[in-house]
Amino acid sequence: MQSAKTLQGIEAEIKHWKEVREATILAHNYQIPEVQDIADYIGDSLELARYASKIKAKVIVLCGVKFMAETAAILNPDKTVLIPDLGAGCSLCDTINVEQLRDWKKKHPNAVVVSYVNTTAEVKAESDYCCTSSNLLKVIEAIPKEKEILFLPDMFLGAYAEAKLGRKMHIWTGECHVHAGIRLQDIEAVRRRHPNAKLLIHPECGCVSQCLYLCASEGYNGMAVLSTSGMLREAKLSQAKEFIIATEVGLLHRLAKESPDKTFIPVKEDAVCKYMKMITLDKVLASLKNMVYVVKVDDDVARRARVAIERMLQIS
Ligand code: 13P
Ligand code: SF4
């Protein structure tokens, strides 16, 4: 947390350098509050990709994790894309590399490859479709029923899609360390304390399929599986006054800001993505001043990855 005086000063400097550089700042919903508050646009992975595809500014500062900056770079080959800290990775993204994907494809030569957006540019370049938490069902439904699908890298997301669509896929056994740690017993403990609250759960959560099952078999009412921005929309539109939030806690800032009359209870206070929190206001300022760190994707990789991303953007 920045002191009030420093905060004002640094915000003014960021504004100044943003004008000098003709830059736009994009931030993911999990960014720290101070970074969200200086961003020109905040969103989930799909919204950031969509926004990045329409940007006019010369420079994009991506306040999120590296795969998000790579996606912006792939969609904007003529712009400079910066990430304020190169260490902002993603544990889910790290569960599969391009060699592993090539080996998997060799075993299933006729399969269609659907990659979650939380993957490297190289992995996207070897994929047929990209998807995010807000469009994965639509993307899978767009693939002819008889086609074999390799889905990667999140096993909980994959199992959720299988259950919702009644369609078997080959699923990579990757997980996000933050969402995998959100377990059914955590949710049930919070539900016992807040029996009337509506449960909003991210499909990367380790217990999403168990929650779906309970919902269907035991009348586990008041539950919705949503992307981060899907949760923001649901909180605004729903009649419910109280919500249990099963995702990374960074989302709570925007939820409280945009729906101040409602109450949000995190399932786990320590569901924190250390990579998302690496971006600070000081680093955003340094990024703009020094034009660091440039995220560049090899032209051939970008050209092939763009096909998978654009297919996704057309479907959703
Ligand atoms: P959303 O696309 O739902 O914002 O999710 C991104 C992410 O990294 C989840 O951990
Ligand atoms: Fe990756 Fe998980 Fe962090 Fe999202 S919350 S960026 S999936 S490590």
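Look up: the structure comes first, before these words.
Residues numbered from 1 in each chain as written. Chains lettered and ligands numbered in written order. Predicted model: local features only at pLDDT ≥ 70, side-chain atom pairs only at ≥ 80, totals over all residues. Heavy atoms only, no water.

Q: Now, about unusual backbone geometry: what can you tell me, with residues and values included?
A: Geometrically, the link from Leu152 to Pro153 is a cis peptide bond, its omega value of -10 degrees lying close to zero. Tracing the backbone through its elements, the reader meets Pro153 in the loop between strand S7 (149-152) and helix H8 (155-165). Along the chain, Val292 connects to Tyr293 via a cis peptide bond; the corresponding omega equals -15 degrees. Here Tyr293 lies in the loop between helix H14 (281-290) and helix H15 (299-315). For Glu22, which is not glycine, the phi dihedral falls at a positive 55 degrees. (Helix = DSSP H or I, 4+ residues; strand = E, 2+ residues; numbered from the N terminus.)

Q: Lay out the sheet that holds strand S1 (residues 23-28) in plain terms, naming residues and giving numbers.
A: With parallel pairing, 4 strands are arranged side by side in an open sheet as S2-S1-S3-S4. Edge positions in the open sheet fall to strand S2 (41-43) and strand S4 (80-82), since each of these has one partner strand only. Neighbour-to-neighbour, the strand axes of the sheet open up by a mean angle of 20 degrees, direction not taken into account. Of the strand pairs in this sheet, strand S3 (residues 59-63) and S4 are connected by 3 bridges, and their pairing is parallel. Within S4, the residue paired with Val59 across the bridge is Thr80. (Pairing = 2+ DSSP bridges. Axes fitted to C-alpha atoms, helices over the stretch in contact; angles between N-to-C directions.)

Q: Tell me about the sheet that holds strand S9 (residues 198-201), residues and numbers included.
A: The 4 strands lie next to each other as S10-S9-S11-S12, forming an open sheet whose pairing is parallel. Bordering the open sheet on either side are strand S10 (223-225) and strand S12 (263-266), each of which pairs with just one other strand. Averaged over all adjacent pairs, the angle separating strand axes in this sheet is 25 degrees, with direction ignored. The pairing of S9 with strand S11 (residues 242-246) spans 4 bridges and is classified as parallel. From the neighbouring strand, Leu200 faces S11, where its bridge partner is Ile245. In the packing of helix H13 (residues 251-258) onto the sheet, contacts are made with S11 and S12, and the angle to S12 comes to roughly 170 degrees. (Contact = heavy atoms within 4.5 Å.)

Q: Requested: an account of helix H10 (residues 184-193), with residues and values cited.
A: For H10, the set of buried residues is Leu184, Asp186, Ile187, Val190 and Arg191. Angularly, the buried residues of H10 cover 160 degrees about the axis, an arc narrow enough to put them on a single face. Summarising the geometry of H10, the exposed residues directed more than 90 degrees from the buried face are Arg192 and Arg193. (Buried < 20%, exposed > 50% of the residue type's maximum accessible area, 1.4 Å probe, protein only. Arc of directions from axis to C-beta.)

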